[in-house]
Every structure is written in structure tokens, then in C-alpha cells.
Amino acid sequence: EHGIPKLYSSTPDLDQATPGVIKALHSSFREKRCKEIRKWLKQNPKITHFCAIDDVDLSMPDKAALKSGLRDTDIFLDPDKEFVKTNPIVGLTMEISKLVICYLNGTEPSEEILTAVFGEPTGTITKLT
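Owing to the predicted nature of the structure, the values given are computational and were not obtained by experimental measurement.

1. Notes on the packing of aromatic side chains
- Scanning the model with the defined rule gives one aromatic pair in all.
- Centroid distance Tyr 8 to Trp 40: 6.2 Å. Interplanar angle 80 degrees. Geometry classified as edge-to-face. Highlighted residues: Tyr 8 in the segment before helix 1 (29-43) and Trp 40 in helix 1, separated in sequence by 32 residues.
- With relative accessibility at 60%, the residue Tyr 8 sits in the exposed group.

Here it is as C-alpha cells:
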């Protein structure tokens, strides 16, 4: 009705119990979510560019994961091409959508887009006085 294409696929739920299989252990929600995304990508090798959009930071482990001794930090998403964090109150904005489009197209976002999303030009250091 609205011209939205059919859902292509969805990430697996690593906590969904399969008969005879022990539930996977994860040190945190972030780690679990990133593992689900990485598993889906391995199952869909034709996907060359993707971008996860979430209000939970999937680009780095949380304190629980670090305390548990997490060693494999490569599972987390690269915030420069694979992940955009949204504000949980505001959600997805037009500015964030433009950044996501750049990531999906494999192009560098302009300084204008980066400033609109992050508030400051990248590479600038703000001096606190």
C-alpha cells in the first residue's frame, strides 16, 4: 500500500533455544546484538554495506562485558561505517538518515552531514576553559 518493499530478512535470536542446544552465553546485550548482526552478515555474504541504527551503543563493549573479560572486541560495530547511535527520545532524524545513506552507499559523508549529526566538525578538539 505504501510502496515499502517486503522485509528481506532478520537477524537471528541467539537466545532462542533450539531443542538439544545449550543457550549461548553473552556478557552483555551489546555483545549479543553485535554477534547476531555478524552472524546474519556471514549468512548473507552478498551484503557488502550495512548500517545498524540503534539507541544502544553497539560500537563498544559496556562495563559488564569488560568486567567479564571480553577479549574479542572485533564483534562490535564500526561507528565510521556500520553503526549510527540515535537519541532514545528523538529517534531517527533526517540528518541521521543522510549519514546512514552514505554508509549504505559506501561513500564518505560530507562535513555538513557529520556536523548536523554530531554537532561539531570531525577532527576538531574543543578546548575546555
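There is more to say after this.
2. Brief notes about the confidence of the model for the chain
- On average, residues of the chain score 82 in pLDDT, and 75% of them are at 70 or above.
- Low pLDDT (under 50) marks residues 125-129, which in the prediction has one contact with non-local residues, meaning those over four places away or in another chain.

3. Concerning the side chain of Glu 82
- Here Glu 82 lies in the loop between helix 2 (63-67) and strand 2 (83-85).
- In contact with Glu 82, other than residues within four places in its own chain, are Arg 38, Phe 50, Cys 51, Ala 52, Phe 76, Leu 77 and Tyr 103.

Reading the values: rules and limits
Residues numbered from 1 in each chain as written. Predicted model: local features only at pLDDT ≥ 70, side-chain atom pairs only at ≥ 80, totals over all residues. Heavy atoms only, no water. Phe/Tyr/Trp six-rings, centres within 6.5 Å; stacked < 30°, edge-to-face > 60°. Helix = DSSP H or I, 4+ residues; strand = E, 2+ residues; numbered from the N terminus. Buried < 20%, exposed > 50% of the residue type's maximum accessible area, 1.4 Å probe, protein only. pLDDT = per-residue confidence, 0-100. Contact = heavy atoms within 4.5 Å.

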